[in-house]
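# Breakdown of the fold
So you can see what is in the structure, the chains are spelled out below.
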Amino acid sequence: MTLTLTLTLTLTLTLTLTLTLTSLSALLSFCVMWVTPALALASPSLPPAQEGEQEGEQEGEQEGAQEGAQEGAQEGAQRQVPAEPEGPIIRALEFRSIEADGKTEREGLISYDPGRVAASLGIRIGQRFKRLDEGIRRVWDEFGILVLGQRAVEEGDGIRLIVTVREMAVDFAPRFVGNASYDEEKLREWAELGDRAQIYLHEKEKVAFRLTRAYRQQGFYFVEVEPRVSGAEAGSEGASRVLFEIREGPKVRTTAIHVRGNDSLPDTGFLFWKGGLRSLAKLETKGRGLFRWWGKSFVEERLQGDLLAMRQVYRDRGWRDAKVEIERLEFNDTRDRVQVHVLVDEGPLYRVATIDLVAYEPVPVPGGRPRLEETELLFPREEILAELQLRPGVPFEKARLEYDERELRNYYGERGHLASILFERPEQANGWDFLVPDVWHDPEKAETHVVYRIRQGQKRTIREVSVSGNTSTRDKVVRREISALPGTVANMRELDRSLARIRGTGYFADRNDPRHPLEIYLVKEVPGDPDAVDVEFQLTEGRVVDLALSGGIASDSGVVGLISLTMRNFDFSRQPTAPWRVFGEVYRKEAFHGNGETFAIDLSPGSEVNYGRLLYSHPDVFGTHFDRTGMTFEGVLRERRFSTHDEERLRGKLIVSRLFGQGDSSLRGGPIYQKLDVSDLDDDDVLPRELIDSADAGDQEFFGVNLDYRRSSLDNRLAPSSGHYFRLNNNFYGGPIGGDQDMIKSEANYDYYIQFGSEDDGVRPGAYLGLGAGVAHPYDDTDFVHYGERFFLGGSTHLRGFRFRRVGPGTEDAATGGETMVRGTLEYRQPLYATPIPGTSRRREMVRGILFVDWGILDPDSFELDPEELRISAGFGLGLTHPIPLAINFGWPLREGDNDELDVFSFRISYR
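Bear in mind the structure is a predicted one, so any value in this text is a computation, not a measurement.

### Focus: the overall build of the protein chain
- Across its full length, the protein chain holds 14 helices and 42 strands.
- Expressed as a percentage of its 912 residues, the buried residues of the protein chain come to 44%.
- Nonlocal contacts in the protein chain, meaning residues at least 24 apart in sequence, comprise 62% of its contacts between residues at least 6 apart.

Next up, the structure:
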């Protein structure tokens, strides 16, 4: 007995099978588990036009099929069927194509090899039928073939699979005309065709859009791209001809951008130092400039982004209703130049009406995520609000809100409530969090009401501090920089200071590798003890051996050469295993590495200065880690040829240092010796009496004691950008110690660095303040301070705009120098150019601009200051920060003296 069963399924598929009664169960399983899901997945791959056609065809068939198939489908669904039943064996495959009219069906494929299409579908003759989900998508992506349906008929012990498709019209070689400015390769790249030779006709509008957009991004504002088609559009199938006709028009450049209505944020400044709306918005649409005489390409998409940026500037500063729109585009007669006119409607400035703070705590929910419920503040509300910048009456500014977030995080972090982001698993840590504030704006009164919402988190103490990644550096070298100790409250500021000290050593950094990992710390919860945390400082060994063979030129010291070997993080006790292995083991950090010592040899011959130095420093002689005792030996030989004389100085010192805590403060002292000789005076020059007397004295030996105090909070000891540094240095020569000179010389220096803007900006502008004062006083048998120990100003470092050592009282050929000195410097530093660091989201500052004001006073007598001797200069400079720290300055005196010599241009090599 036989039974003929006809099942009508969705997607206009009719599945007809003639088989024996005993195979009915297998048929139902095959239909439910394989064919229906495979066909249902064809729909997402359809283009929108085809989906609309197919949905219309489906509606009638679905209604008729639903009643006939519902009972059988329900019975099949109620049966327990295998999760992965085996499909029937495919014995034959047949393709049928629907022609352009959507009705006529023909055998075979029109444009493609059936074998390739079958392989892309995943169909193999002789193998069992498998799901075609991915195959249906592949043939659409690769060939532009739309699978409309499948039919299976019995074929021996398997099936003949009939696949009904519709081939999208295709052009195997699209052409482009009118592209005078760009070749076909560039157009294909813009069209995102890749390696494909063909283009499907349904893609033509999309390709035209991509080409139009790409042209406009190059400044062709008036470009038009029109696709023209022949062949398939007329009703034929298969290959067609697509021609993209391009009318480029002129390339448009922006000559000026005029902004009107920005009364509260007017444009100010000049060149690189500009302020106001356009500078704050960092406009990409720019007119003529110093390096853009013809103007920048006009890109409408870029201009729209600039409008959004200007609106955001206003909103971030409290003008919530500000509108920034294009007033008009003013083209010239040839349409290749445009002036952009922008109109600003600022609206009212919103001010804070009320400010409040609410705390929440998580409450467990069985089977769900914890919910937050309001709770009491752990600290006085008035005390916390007093630390914030948002308060009644001030503008509602984004910068104030960001400051308050940091201040709240620091306030709680200092008291042991660490931020969740510091934890190894932030989502599971009961840490401090800044929740989205409740902000309500009153447009009628231009007022804003703010409620800060925070999660206070658990108060933590430190159970253990660990260090990882220091594979070659001794653990104690790192630990002596860490002030967050086990058993103490987990103070976030101390953790940050500890990390800053570790970074400041430079042992775990590599300036030559921008992708070198940064030093970080992670906070880990302690299982079973919610009040305790472990802290891990994660490090990566850096480059600490610098061998340099180089040369250069400086305005103060002429042409110089440099042979330098510096080994930071040196370890004298870690000797190489054999002499011939020295270089390899030092390079691999297996020898002379890891104890925080410093060893350096410098040789620098030059046209005006010859210099040599030998240095060895041990930061912790007795291994106490905290409040440690260090030792430094330094020997220096320096020969200097001035225009009026020569000076030779041999200097040696042995200094013992006492570092307090982690070394932020230190007291240093020890014996010092120097031999100083001034000779070869220029007979033709009129020279100061102090210089002549110093030369007549011949070689002078100085025996003395040095006493030095230092305090530092710099973020980086070599190239600081924030923090302060203070040093008071005192040298006592002669007297009971002996020597040829009896003299006391003291000098104090203070440096302060600060950065502006958000910490998220990475490369930020900043400022530098430098102050200095000194006095040199002879006593007993010494009547004057030796010329080589007097103070001088002028050059590339102090009082720029004056010639090196040519400031203050003196003769027409040489300055007398001072026994008393005060000076100051104020700089504003603006990054001009930064490059992305490959493999990271960070940027590296390459070039910076500098505005400076310098001042100073030199008095020839000790403990005397004559205000009439005040000198002031101002100017600007450019600083190259990488790869060579080069500073170029242009300075002009604002107040000068009779014997001063001026020098507008100066330059030097300096990280600071």
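### Some words on a nonpolar patch on the surface
- On the surface, a cluster of nonpolar side chains totalling about 1000 Å² of accessible area is made up of L549, I563, I601, L603, L614, V621, F622, M631, F633, L654 and V656.
- Looking at the secondary structure, you find I563 in strand 26 (residues 558-570).

### Considering helix 3 (residues 114-121)
- Burial in helix 3 covers these residues: V117, A118, S120 and L121. Along the axis of helix 3, the buried residues cluster in a sector spanning 160°; they form a single face.
- The secondary structure elements touched by the buried residues of helix 3 are strand 3 (90-98), helix 4 (133-143) and strand 5 (145-155).
- In the segment just after helix 3, G122 is the residue with positive phi, at about 90°.

### As for unusual backbone geometry
- For E192, which is not glycine, the phi torsion reads 60° and is therefore positive.
- Residue classification places E192 among the exposed positions, given a relative accessible area of 54%.
- In this structure, D780 takes a positive phi of about 55° despite not being glycine.
- Here D780 lies in the loop between strand 35 (766-778) and strand 36 (801-802).
- Of the residues examined, D780 reaches a relative accessible area of 58% and is grouped as exposed.

### With respect to the packing of aromatic side chains
- Summed over the entire model, instances satisfying the criterion amount to 32 aromatic pairs.
- A centroid spacing of 5.6 Å and a plane angle of 25° characterise the contact between Y221 and F331, whose relative ring orientation is stacked. On the criterion of sequence distance, the pair formed by Y221 in the loop between helix 6 (204-217) and strand 10 (224-230) and F331 in strand 16 (residues 323-331) is long-range, its members being 110 residues apart.
- Residue class for F331 comes out partly exposed when judged on its relative accessible area of 26%.
- Three or more aromatic residues link up through ring pairs in this structure, and these residues are F379, Y411, Y412, W432, F434 and Y452.
- Against the face of Y411 rests R415, its NZ or CZ located 3.7 Å from the ring centre.
- The ring of Y360 has R453 sitting right over it, with the charged end atom 5.0 Å from the ring centre.

### Comments concerning the sheet that holds strand 5
- Overall, mixed pairing links the four strands, which are arranged 4-3-6-5 in an open sheet. Both edges of this open sheet fall to strand 4 (105-107) and strand 5, since each of them pairs with a single strand only. Adjacent strand axes in the sheet meet at a mean angle of 30°, parallel and antiparallel pairs treated alike.
- Of the strand pairs in this sheet, strand 3 and strand 6 (residues 158-167) are connected by seven bridges, and their pairing is parallel.

### Some words on the pairing of strand 28 (residues 609-618)
- Two strands pair when backbone bridges link them, and strand 27 (residues 597-604) and strand 28 are joined in this way by seven bridges, in the antiparallel orientation. Across the sheet, the residue bridging to A600 is L615, located in strand 28.
- With antiparallel pairing between neighbouring strands as the criterion, strand 27 and strand 28 make up a hairpin whose turn holds four residues.

### Notes on the nonpolar core
- Ranked by internal contacts, the top residues of the largest apolar core, which has 46 residues, are L408, Y452, Y521 and F537.
- Mapped onto this core, the elements with two or more residues apiece are strand 18 (351-365), helix 10 (398-413), strand 21 (447-455), strand 22 (461-468), helix 11 (475-479), helix 12 (492-505), strand 23 (520-526) and strand 24 (529-538).
- Core analysis: the second largest hydrophobic core is formed by 21 residues, V252, L283, M310 and A322 among them.

### Some remarks on the side chain of R649
- Along the chain, R649 turns up in strand 30 (residues 646-660).
- Classification of R649 as buried rests on a relative accessible area of 15%.
- Side chain to side chain, R649 and E789 meet in a polar contact 2.7 Å long.
- Discounting residues that sit within four places of it in the chain, R649 has contacts with V636, L637, R638, Q674, K675, L676, G788 and E789.

### Concerning the sheet that holds strand 21
- Judged by pairing direction, the sheet is mixed, and its four strands sit side by side in the order 19-18-21-20 without closing on themselves. Of all the strands in the sheet, just strand 19 (368-375) and strand 20 (433-442) have a single pairing partner and so form its edges. Strand after strand, the sheet turns through a mean of 30° between neighbouring axes, direction not considered.
- Pairing between strand 20 and strand 21: eight bridges, direction antiparallel. Counterpart to D433 in the pairing with strand 21 is R455.
- Along the sheet face, helix 10 touches strand 18, strand 20 and strand 21 and points at about 30° away from the line of strand 21.

### A look at helix 6
- In this model helix 6 runs 20 Å from its N-terminal to its C-terminal C-alpha over 14 residues, within 8% of the 20 Å that 1.5 Å per residue would give.
- Count one or two residues on from helix 6 and you reach G219, which has phi positive near 105°.

### Comments concerning the environment of D433
- Within the fold, D433 resides in strand 20.
- For D433 and R409, which are 24 residues apart along the polypeptide, the C-alpha to C-alpha distance reads 7.9 Å.
- Once you skip the residues sitting within four places of it in the chain, D433 turns out to touch S420, R453, I454 and R455.
- One polar contact links D433 to S420, side chain to side chain, over a distance of 3.0 Å.

### As for the pattern of salt bridges
- Tallying each qualifying case throughout the model produces 58 salt bridges.
- Between R790 and E819 there is a salt bridge, and its shortest N-O distance comes to 3.3 Å. Separated by 29 residues along the polypeptide, R790 in the loop between strand 35 and strand 36 and E819 in the loop between strand 36 and strand 37 (820-836) bring together distant segments of the chain.
- A network of salt bridges, in which partner residues are shared, links E224, E226, R228, E245 and R247.

### Points about the environment of N332
- With respect to the helices and strands, the residue N332 is situated in the loop between strand 16 and strand 17 (337-345).
- Here the alpha-carbon distance between N332 and V252, two residues 80 residues apart in the chain, equals 9.9 Å.
- Side-chain polar atoms of N332 contact the side chain of T334, separated by 3.2 Å.
- Within polar-contact distance, the side chain of N332 engages the backbone nitrogen of R335 at 2.8 Å.

### Let's talk about the pairing of strand 19
- Sheet topology note: the strand 18/strand 19 ladder contains six bridges and is antiparallel. When the sheet's bridge partners are listed, Y360 is paired in strand 19 with E374.
- With antiparallel pairing between neighbouring strands as the criterion, strand 18 and strand 19 make up a hairpin whose turn holds two residues, including G367 at a positive phi of roughly 75°.

What counts, and where the lines are drawn
- Residues numbered from 1 in each chain as written.
- Predicted model: local features only at pLDDT ≥ 70, side-chain atom pairs only at ≥ 80, totals over all residues.
- Heavy atoms only, no water.
- Helix = DSSP H or I, 4+ residues; strand = E, 2+ residues; numbered from the N terminus.
- Buried < 20%, exposed > 50% of the residue type's maximum accessible area, 1.4 Å probe, protein only.
- Contact = heavy atoms within 4.5 Å.
- Patch = residues over 30% accessible without salt bridge, like charges linked within 9 Å, V, L, I, M, F, W, Y side chains within 5 Å.
- Areas by Shrake-Rupley, 256 points an atom, 1.4 Å probe, with all protein chains shown as cover.
- Salt bridge = Lys/Arg side-chain N within 4 Å of Asp/Glu carboxyl O.
- Arc of directions from axis to C-beta.
- Phe/Tyr/Trp six-rings, centres within 6.5 Å; stacked < 30°, edge-to-face > 60°.
- Lys NZ or Arg CZ within 6 Å of the ring centre and 35° of its normal.
- Pairing = 2+ DSSP bridges.
- Axes fitted to C-alpha atoms, helices over the stretch in contact; angles between N-to-C directions.
- Core = buried A, V, L, I, M, F, W, Y, C linked by side-chain atoms within 4.5 Å.
- Polar contact = N/O pair within 3.5 Å; in protein donor to acceptor, adjacent residues only side chain to side chain.
- Expected span 1.5 Å × (residues − 1).

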